[in-house]
Amino acid sequence: IEELKRQYEVVQVSPDQPITETLAVLIAPMPSSLTQPQMDNLQTYLEAGKPTLLLDDSMPMIAGLNPNEPKKGRNPMQPSPEQKGDVRKLYSSIGLQWDPMEVVWDQYKPPPFAQLEPEIVFVEHDAGSPFPFSRDSSITRSLQRVVMLFPGRISAASHPGLQVTPLLKSGKLSGVLPYEQVVQRTWFGAGGLNPRRRHVPSPLDNILALHLEGTLPAGKPEAPPAKVNATFVADLDMISEQFFQLRREKIENMAFDNVTFVLNCVDALAGDDAFIALRSRRPRHRTLTKVEEKMRIHRERQDNENRTSEAAAEQKLKAAQDRLDAKVKELQERKD
């Protein structure tokens, strides 16, 4: 907010009633934490085609906002009477598909971050994706490195009147895990990370942020077509205070484009491109290319071995299950 105040007049908007304020851009962090009446007000605003930046997160650092856990009341052992609304329905109304039960991971880690968890995703050209940053958007054209913490995966419906621009993608050695496999369960709900979770790369592109603009067929026969002009980012933690601090201090090897990316999203939605090109300019980040190539080859070999082991384990498990089923059937057919 302090960063935005340098360029914009920032006002707070309540989702408890219809959003009637005249805004250049509405920033909506964690729509998944809203109640159903609040979501309905946001949906009406979105379907009017008003510029909106949506940031939602499958595993936010603030535990009370987690879309996969119930809201807590004053007693932390009891759920709140005001529960969260249907966030899938909200996003579907503007042509978005986002499953809060999915967490993206990526094996690529540049030096000196090799020991970080796979779910801390580095978006950059060396990660192996042909287009980690969209070349078709001024928002991302000049970015070099964005890091996301336990992000989600998003996709968009295919409609003739809707233009979809993927902005951020994970790398070649990435995949998706269900939320329940990422976390450990305790008596108090979700605990720490599950040390036994298995990372098997997926051949599909994992889109982490995208922009939607155009029209969608109306949900009801009498209603006019829904308009949309929204940018969706599947991670809230990427603009936590630590990234603003790193940006201010300019620590070596910690030059992330997270803040630049989100500010560019706001400017593009507001129709003000004056600062985007200037803000994106910084010294070119140089990597240890020979070391990274060796690491990439090692990771690809490791992932191929993991896939082979997974397939062999599945076959052995099926064979064991077939033997068990045969024994159970044999017992069930006995007359004594």
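Our structure is the block above this text.
What counts, and at which threshold
- Residues numbered from 1 in each chain as written.
- Predicted model: local features only at pLDDT ≥ 70, side-chain atom pairs only at ≥ 80, totals over all residues.
- Heavy atoms only, no water.
- Helix = DSSP H or I, 4+ residues; strand = E, 2+ residues; numbered from the N terminus.
- Buried < 20%, exposed > 50% of the residue type's maximum accessible area, 1.4 Å probe, protein only.
- Areas by Shrake-Rupley, 256 points an atom, 1.4 Å probe, with all protein chains shown as cover.
- Lys, Arg positive; Asp, Glu negative; His and termini not counted.
- Charge placed at Lys NZ, Arg CZ, Asp CG, Glu CD.
- 1 Å grid on protein atoms, 1.4 Å probe; cavity = no way out; pocket = protein on both sides within 12 Å on 5 of 7 lines; lining within 4 Å.
- Points joined across faces, edges and corners; volume = space filled by probe spheres on them.
- Nonpolar A, V, L, I, M, F, W, Y, C, P; charged D, E, K, R; others polar.
- Salt bridge = Lys/Arg side-chain N within 4 Å of Asp/Glu carboxyl O.
- Phe/Tyr/Trp six-rings, centres within 6.5 Å; stacked < 30°, edge-to-face > 60°.
- Contact = heavy atoms within 4.5 Å.

*Asks:* Can you explain the overall build of the chain? Please cite residues and give values.
*Replies:* What the chain contains, in helices and strands, is 8 helices and 13 strands. With the C-alpha coordinates of the chain rotated into their principal frame, the extents come out at 80 × 55 × 45 Å. The burial tally for the chain puts 43% of its 336 residues in the buried class. Summing over all exposed atoms, the chain offers an accessible surface of approximately 19,100 Å²; the carbon and sulfur share of this is 54%. Counting 43 positive and 45 negative side-chain charges, the chain places the centres of these two groups 4 Å from one another.

*Asks:* Residues and numbers for the layout of surface pockets, please.
*Replies:* Over the atoms rolls a probe the size of a water molecule, and in doing so it shows where empty space is left. Taken as a whole, the largest pocket encloses approximately 1,400 Å³ of empty space. Surrounding the largest pocket, 44 residues form its lining, Ile-1, Leu-4, Val-10, Ile-27 and Pro-29 being those nearest its centre. Those elements that provide at least two residues to the lining of the largest pocket are helix H1 (2–5), strand E1 (26–29), strand E2 (52–55), helix H5 (241–249) and helix H6 (258–270). A per-class count over the lining of the largest pocket returns 31 nonpolar, 4 polar and 9 charged.

*Asks:* Describe the pattern of salt bridges, naming the residues involved and giving the relevant values.
*Replies:* Counting across every chain of the model gives 10 salt bridges. A salt bridge links Lys-5 to Glu-2, with the nearest nitrogen and oxygen atoms 3.8 Å apart. With Lys-5 and Glu-2 both in helix H1 and 3 residues apart, the pair spans about one turn of that helix. The exposure class assigned to Glu-2 is exposed, which follows from its relative accessible area of 58%. For Arg-88, the salt bridge is made with Asp-99, and the minimal N-O distance between the two is 2.6 Å. Note that Arg-88 is positioned in helix H3 (residues 87–92) and Asp-99 in the loop between strand E3 (96–98) and strand E4 (102–106), a separation of 11 residues in sequence. Arg-88 gets classed as partly exposed once you look at its relative accessible area, which sits at 43%.

*Asks:* Tell me about the packing of aromatic side chains, and please be specific about residues and values.
*Replies:* In the structure shown here, the tally under the stated rule is 7 aromatic pairs. Judged by centre distance (4.9 Å) and plane angle (85°), the ring pair of Tyr-91 and Phe-232 falls under edge-to-face. Taken together, the residues Tyr-91 in helix H3 and Phe-232 in strand E13 (residues 226–233) connect sequence positions 141 residues apart. Side by side, Tyr-91 and Phe-232 carry an identical accessibility label, which is buried. Each member of the aromatic cluster is reached from another via a ring pair, and the members are Phe-113, Phe-122, Phe-243 and Phe-256.

*Asks:* Tell me what's going on with the environment of Gln-38, and back it up with residues and numbers.
*Replies:* One can find Gln-38 in helix H2 (residues 36–47). As a C-alpha pair, Gln-38 and Pro-15 span 23 residues in sequence and 5.1 Å in three-dimensional space. The contact partners of Gln-38, leaving out residues within four places of it in the chain, are Pro-15 and Asp-16.

*Asks:* I'd like a description of empty space enclosed by the protein, backed by residues and values.
*Replies:* Per the counting criterion, the structure on display carries 1 cavity of 30 Å³ or more. Volume-wise, the largest cavity comes out at about 60 Å³. If you trace the largest cavity, you find it lined by Tyr-108, Asp-126, Ala-127, Gly-128, Lys-172, Leu-173, Arg-296, Arg-299 and Glu-300. Looking at the lining of the largest cavity, its residues break down into 3 nonpolar, 1 polar and 5 charged.

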